[in-house]
Amino acid sequence: MNVIFYIAAIVAIVATLRVITGTNAVHALLYLIVSLLAVAVIFFVLGAPFLAAFEVITYAGAIMVLLVFTIMMLNLGQAAAKQEKSWLTAGVWIGPCILTVILLLEFIYIFSSADQYGSVLHPVSPRQVGETMFGPYVLGVELVAMLLMAAIVGAYHISGEKQKNYHRFFENQNEEI
Amino acid sequence: MSAVPLHMGLLLAGILFLLGLVGVLTRRNVLFMLMSIEIMVNAAGLAFVVGASRWMQADGQVMFLFILAMAAAEVSVGLALIVQMHRQHKSVDINVLERLRD
Amino acid sequence: MTVYHLIWLIPTLPLAAFLILAVFGGSRKVAALLGTVPVGLSALLVIWTAVTYLSVPPAGHGFSEVLWTWFTIGNFSPAIALYLDPLSLVFLFVITFVGFFILLYSTEFMAKEEGFSRFFAYMNLFVFSMLVLVLAKDMLLLYLGWEGVGLSSFLLIGFWYKDAQDAGQNAYAARKAFLVTRIGDTALILGLFLLLQDFGTLDIPHILQAAPGTWQPGSSRAVWATILLLGGAVGKSAQLPLQTWLPDAMAGPSPVSALIHAATMVTAGVYLLARTHVLFSLAPVVQLIVAIIGAATLVIAAFSALAQKDIKRVLAYSTMSQIGYMFLALGVGAWSAAVFHFMIHAFFKALLFLGAGAVILAMDHEHNMFKMGGLRKKMPLVFWTFLFGAGALAALPLVTAGFFSKDPILWFAMASVKGSFWLWLAAFVAALATSVYTFRMVFVTFFGRQQKEVHYRPGIRIRIPLVVLGVLSLIAGWIQMPASFGHFTPFSDFMETLLPPAVMAGVPAGLEGWLEIATAVIALLGVYLAWQFYVKTPVAVYRFKQTTVGARIYRFLAAGWGFDTLYRVLIVQPVVWLARVDKRDFTDRIYEGVGMLNLWLGRLFGRAQNGRLRGYAFGIVLGAVIVMTLILFL
């Protein structure tokens, strides 16, 4: 089981690297999906099968698809890819990389003191998850529902087109003026 | 069937988080930034699940579900904003949005 | 209840006049009355007091009255106290008597001037301050009077500060006078501090009594205290090195020059040194310095007067020179001779200034002698009184009072233990120069061809003072005859109740007689030379001035031996440069710098607020890194 964990971990890391350094938006998205699937495998290994399924269905299946649709709608094209390349100079990477390396070292320092073990031997069943969710955390669930409602309404409103207050017959004249 | 060392899992979450962070700080394309943010959220969730597996309880997994829902909401609103930005500025460069300056 | 108990009225009457005139002003008539009558009353009081004093001298030859205690700090409590003794009596007489006549003269001289009541207010303030100075029993009160005369002098020199033509000049001269005398005043107050430290009090009789016991003769304490007192005297009396202010002070009206810069304020130094004579005898080095300063000043001033064109400047340098004589006398220990010369000098110098004022008024405020001429016929009274005064100044033998007052000084300069041949020689040569420049002034102004029409006849109020002072210039010397004329010396007998007589070195008998003859001869020689060069053949002087050497000598002398330039280069220019450099105020810049640093930092950090999202994100991450590091490792 360990081996699976490590393989999936490596896959996730490599895929994420390809996401953040890619120039083509669609390719980057596909790599992101791969990364998410690897993380789902890790969930299985850690004894959370319900979550693994959830990850695949919602995250990789819904959210990423949404992103794909938007990218295709924006229709950025080859020019955008070239522009991406020109934006990603070496100088841009230096600062964040330094900071990130420092943080990474600190993470290693912090995490190395933990020596417990997770286990796949005792998976947490969906029933357990459901009982916990609608038990102590039911308030959270209701709030999440309201959050989703707000998100829908907000997204609809924000992405609406501006109302024109003149007929499209007069569109050209307006532009001339 | 040996168990997974906890610190390895947390470390993985940390690495993924940092990769997402680098992506946010480096990319100029708004869509890539959004993707990087998603990576970061996912990594945070992974950390929760690792914790849940250590205690063999469901709380961490419930947290992950909440995080997931929040990520979904965030992505939809974010994409709506990106669409609006593209409509107004005809560009997805984040540096275009600099009206809140000194 | 003797008249002595009314002494406090003597300074108070002019003070009251000053206050009323300063607060209420008044019409010309009122101001004229208020300006002159109180001083006249004071003069009468002084005469009454003098008569009483001479007939029945008070016990201990001094009368003191404490009016009230000024303040008390620890052991030190100076009092407002008056002290009357021969020295102060002589000075009181001169100040009030001459002062009254000058004020009378001013009522006509200043009749057409604007600021009439202001003038009389200032003059009364001056008279009050000077009276306080000479009547003071406590040195702090003396210093009060000292400062008061300095202030009044400043106000009066710059009296015509609004004058369009020389507005800058008058105010400049007033400032210069004040600043230069200020240096002296500072020295004086430092000297007072030393005295206070050594004696615990500033009461004058007390100090003079305790001094021989407290100080070793020639000790450094005595030297320092007396040098500082000398510094103060030098400033007020316009002696070397603080003499540069007096010629420029002639920018004030002529009565001011007469009162302040001839008769009284400039003699404050003489009064101070005479008053503290005990201290100076305890520091022989300093006394020698006094004599040297006197001798040097009298030579420098006398030769500078030879080259002046402005009639008042001649008189200013002449005053400087004559006070040099007084300092010389003080320096060789001839205290009463110095005071006698002071009195006579007050009479004839005031007369000369008043006469010059009348001439200037007649010539429409023209000061240049060489533009006048032939006034002998047009203004006979002025001419004759001026001639009497000039004769006294030149010490024409026998007929004038000046002879009887200057001659003893020359005698003591040679014959006293503290005198020397060189001091005598300096005074002798300067006496020749004095005679020359005096009669140069007379001949150029009153003889020769008349260059300007005279439209002005002096009125009675100008004529009376001129006549009174003229008569005094002739006969006042007869109260002190030299030894060879028989021993009729009421003046020095009177003074020697207070001031010790000069100690004579061994000199051959009869030397005094020969010196008198020599002095008389050079006085007459001077008149002859002046006649020769300025009436008979003036073209000789003109040709001399055309030569390069002659022109340079002339310029040097006319500029007062270059002291003004010296001081300007040494002191004025560096100070002005410093002021200009500091104009932007160094210390302020430090505080300004703090503010500017903050502004700069603010601007620097403001650039971080550029509306770019990634920048903000970077900031967040950076902050997180720092905080985590701090938490983990600190």
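Note that the structure is a prediction, hence the values are computed from the model and not measured. Going along each chain's sequence as written, the residues are numbered from 1 onward. Following the order in which they are written, the chains are lettered starting with A and the ligands numbered starting with 1. Totals for whole chains, interfaces and linings use every residue, but because this is a predicted model, local features are given only for residues with pLDDT of at least 70 and side-chain atom pairs only at 80 or more, for both listing and counting. With hydrogens and water stripped out, all remaining heavy atoms of the structure feed into the side-chain values.

## Notes on the overall build of chain A
Next, step 1: Counting from the N terminus, the helices are DSSP H or I runs at least four residues long and the strands are E runs at least two residues long. Of regular secondary structure, chain A possesses 8 helices and 1 strand.
Next, step 2: Along chain A, from the amino end to the carboxyl end, the secondary structure elements read α-α-α-α-α-β-α-α-α.
Next, step 3: Any residue under 20% of the maximum accessible area for its type is buried, any over 50% is exposed, and the rest in between are partly exposed; the area is computed with a 1.4 Å probe on protein chains only. The buried share of chain A, taken over its 177 residues, is 36%.
Next, step 4: Any two residues whose heavy atoms approach within 4.5 Å are treated as being in contact. Once local pairs closer than 6 in sequence are excluded, the contacts in chain A between residues at least 24 apart make up 63%.
Next, step 5: Surface accessibility in these figures is a Shrake-Rupley result with a 1.4 Å probe; residues are shielded only by whichever protein chains are displayed. Split by element, the accessible area of chain A, about 10,800 Å² in all, is 69% carbon and sulfur.

## Some words on the overall build of chain C
Next, step 1: Across its full length, chain C carries 27 helices and 2 strands.
Next, step 2: With 634 residues in all, chain C has 57% of them scored as buried.
Next, step 3: Within chain C, contacts between residues at least 6 apart in sequence are counted, and of these 81% link residues at least 24 apart.
Next, step 4: As displayed, chain C offers around 26,500 Å² of accessible surface, 70% of which is attributable to carbon and sulfur atoms.

## Re the nonpolar core
Next, step 1: Of all hydrophobic cores here, the largest spans 222 residues; its most connected members are Leu195 and Leu328 of chain C.
Next, step 2: It is helix α15 (residues 335–362) of chain C that contributes the most residues to this core, 22 residues altogether.
Next, step 3: With residues up to four places along the chain from it excluded, the contact list for leucine 328 of chain C reads Ala291, Gly294, Ala295, Leu298, Ile409, Ala413, Leu423 and Ala427 of chain C.
Next, step 4: Residues Ile71 and Phe107 of chain A together with Leu16 and Ile82 of chain B belong to the second largest nonpolar core, which totals 83 residues. Note on terminology: a nonpolar core comprises buried Ala, Val, Leu, Ile, Met, Phe, Trp, Tyr and Cys residues joined through side-chain atoms within 4.5 Å.

## Some thoughts on the side chain of asparagine 170 of chain C
Next, step 1: You can see asparagine 170 of chain C is positioned in helix α6 (residues 167–199).
Next, step 2: Residues adjacent in sequence count toward polar contacts only when both atoms are side-chain atoms; beyond that, a polar contact is any pair of N or O atoms within 3.5 Å, and within protein one must be able to donate a hydrogen and the other to accept it. Among the polar contacts listed, one links the side chain of asparagine 170 of chain C to the backbone oxygen of tryptophan 160 of chain C, at a separation of 2.8 Å.

## Some words on the interface of chain B and chain A
Next, step 1: Each partner contributes to the interface: chain B provides 67 residues, whereas chain A provides 80 residues.
Next, step 2: When a carboxyl oxygen of Asp or Glu is within 4 Å of a side-chain nitrogen of Lys or Arg, the pair counts as a salt bridge. The interface formed by chain B and chain A contains 0 salt bridges.
Next, step 3: Counting every contact that joins chain B to chain A gives 8 residue pairs in polar contact (both at pLDDT 80 or more).
Next, step 4: Within the residue set of the side of chain B that touches chain A, elements represented by two or more residues are β1 (4–5), α1 (6–26), α2 (30–55) and α3 (59–89) of chain B.
Next, step 5: Per-element accounting of the side of chain B that touches chain A gives the leading share, 23 residues, to α3 of chain B.

## Some words on a nonpolar patch on the surface
Next, step 1: Patches here: salt-bridge-free residues with over 30% relative accessible area, like charges joined within 9 Å, nonpolar side chains (Val, Leu, Ile, Met, Phe, Trp, Tyr) joined within 5 Å. A surface patch of nonpolar side chains, amounting to about 530 Å² of accessible area, comprises Leu33, Val37, Leu41, Leu44, Ile47 and Val51 of chain C.
Next, step 2: Counting through the fold element by element, isoleucine 47 of chain C comes out in helix α2 (residues 28–55).

## Considerations on the interface of chain B and chain C
Next, step 1: Facing the 14 residues of chain B at the interface are 11 residues of chain C.
Next, step 2: Buried area is calculated as the accessible area (1.4 Å probe) missing from two parts once they are joined, with the contributions of both summed. With both sides pooled, the region where chain B packs onto chain C buries about 1,100 Å², and carbon together with sulfur makes up 57% of that total.
Next, step 3: Summed over the shared surface of chain B and chain C, the number is 1 salt bridge.
Next, step 4: Summed over the shared surface of chain B and chain C, the number is 2 residue pairs in polar contact (both at pLDDT 80 or more).
Next, step 5: The element best represented in the side of chain B that touches chain C is α1 of chain B, accounting for 4 residues.
Next, step 6: Taken together, the residues of the side of chain B that touches chain C break down into 7 nonpolar, 2 polar and 5 charged. In the scheme used here, Gly and all other residues not listed as nonpolar or charged are polar, with Ala, Val, Leu, Ile, Met, Phe, Trp, Tyr, Cys and Pro taken as nonpolar and Asp, Glu, Lys and Arg as charged.

## Focus on helix α20 (residues 460–475) of chain C
Residues and elements named next belong to chain C.
Next, step 1: Look at α20: 23 Å from first C-alpha to last across 16 residues, which is about the 22 Å you get at 1.5 Å a residue.
Next, step 2: Three or more residues of α20 are buried, namely Ile462, Pro465, Leu466, Leu469, Gly470, Leu472, Ser473 and Leu474.
Next, step 3: Those residues of α20 hidden inside the fold are in contact with α3 (86–109), α15, α17 (380–394) and α18 (401–415). Expected span of a helix: the number of residues minus one, times 1.5 Å.

## With respect to the pattern of salt bridges
Residues and elements named next belong to chain C.
Next, step 1: The final tally for this structure, using the stated rule, is 12 salt bridges over all chains.
Next, step 2: The salt bridge involving lysine 176 is made with aspartate 248; its shortest N-O contact spans 2.4 Å. In this pair, lysine 176 sits in helix α6 while aspartate 248 sits in helix α9 (residues 245–248), placing the two residues 72 residues apart along the sequence.
Next, step 3: Here lysine 176 falls in the buried class, since its relative accessible area comes to 13%.
Next, step 4: A network of salt bridges, in which partner residues are shared, links Glu147, Arg182, Asp185 and Lys236.

## Examining the confidence of the model for chain C
Next, step 1: Confidence of the predictor at the level of single residues is given by pLDDT, which spans 0 to 100. Per-residue confidence for chain C gives a mean pLDDT of 84; residues scoring 70 or more make up 97%.
Next, step 2: Here the predicted complex carries an ipTM of 0.89, next to a pTM of 0.69.

## Side note on the packing of helix α1 (residues 2–21) of chain A against α1 of chain B
Next, step 1: Their axes nearest at 9 Å, the elements α1 of chain A and α1 of chain B cross at an angle of 5°. Regarding the angle of α1 of chain A to α1 of chain B, the classification is roughly parallel. Taken together, the residues of α1 of chain B that come into contact with α1 of chain A (itself represented by Phe5, Tyr6, Ala9, Ala12, Ile13, Thr16, Leu17 and Ile20 of chain A) are Met8, Gly9, Leu12, Ile15, Leu16, Leu19, Val22 and Gly23 of chain B.
Next, step 2: Classifying every residue of the contact of α1 of chain A with α1 of chain B gives 13 nonpolar, 3 polar and no charged. In this description, a line fitted to the C-alpha atoms serves as the axis of each element, helices being fitted only across the stretch in contact, and the angle between N-to-C directions of two axes falls anywhere from 0 to 180 degrees. Here is the rule for angles: anything less than 35 degrees is roughly parallel, anything more than 145 is roughly antiparallel, 65 through 115 is roughly perpendicular, and the remaining ranges are oblique.

## Some points on the packing of aromatic side chains
Residue and element names in this part refer to chain C.
Next, step 1: When two rings of Phe, Tyr or Trp (its six-membered ring) have centres within 6.5 Å they constitute a pair, described as stacked for plane angles under 30 degrees, edge-to-face for angles over 60, and tilted for the intermediate range. Here the structure, examined in full by the defined rule, presents 31 aromatic pairs over all chains.
Next, step 2: Seen in terms of ring centroids, phenylalanine 383 and phenylalanine 447 are 5.8 Å apart; in terms of plane orientation they differ by 70°. Their pairing is edge-to-face. Within this pair, whereas phenylalanine 383 is found in helix α17, its partner phenylalanine 447 is found in the loop between α19 (421–446) and α20, the two being separated by 64 residues in sequence. The pair phenylalanine 383 / phenylalanine 447 is uniform in exposure class, with both members buried.
Next, step 3: Seen in terms of ring centroids, tryptophan 424 and phenylalanine 428 are 4.6 Å apart; in terms of plane orientation they differ by 20°. Their pairing is stacked.

## Some words on the layout of surface pockets
A probe matching the size of a water molecule, rolled over the atoms, marks out where space remains unfilled.
Residues and elements named next belong to chain C.
Next, step 1: A volume near 1,300 Å³ is recorded for the largest pocket.
Next, step 2: Only protein atoms enter the 1 Å grid used here, on which a cavity is any set of points holding a 1.4 Å probe that cannot leave and a pocket is any open set flanked by protein within 12 Å on both sides along at least five of seven lines; residues with an atom within 4 Å of a point are listed as lining. Gln169, Tyr172, Ala173, Asp248 and Ala251 are the residues nearest the centre of the largest pocket, which is lined by 43 residues in total.
Next, step 3: If you list the elements that add at least two residues to the lining of the largest pocket, you get α6, α9, α14 (311–331) and α25 (563–581).
Next, step 4: Tallied by class, the residues present in the lining of the largest pocket amount to 21 nonpolar, 8 polar and 14 charged.
Next, step 5: Grid points are joined across faces, edges and corners, and a volume is the space filled by probe spheres set on the points. Put simply, the second largest pocket is a space of about 720 Å³.

## Thoughts on the environment of methionine 70 of chain B
Next, step 1: Considering the arrangement of structural elements, one finds methionine 70 of chain B in helix α3.
Next, step 2: A sequence separation of 29 residues divides methionine 70 of chain B from valine 41 of chain B, and the C-alpha atoms of the two residues are 9.4 Å apart.
Next, step 3: When sequence neighbours within four positions are dropped, the list of residues in contact with methionine 70 of chain B reads Leu147 of chain A together with Val41 of chain B.

## Side note on the packing of α14 of chain C against α19 of chain C
Residue and element names in this part refer to chain C.
Next, step 1: Packing of α14 against α19 brings their axes to within 11 Å, and their N-to-C directions diverge by 155°. The angle between the axes of α14 and α19 places the two elements in the roughly antiparallel class. The two elements α14 and α19 cross, and the hand of that crossing is left-handed. Touching Ile311, Val314, Leu315, Ser318, Ser321, Gln322, Tyr325 and Leu328 of α14 are Leu423, Ala427, Ala430, Ala431, Thr434, Tyr437, Arg440, Met441 and Thr445, all from α19.
Next, step 2: Looking at the contact of α14 with α19, its residues break down into 11 nonpolar, 5 polar and 1 charged. Left-handed describes a crossing whose near helix is turned anticlockwise from the far helix by less than a right angle; the clockwise case is right-handed.

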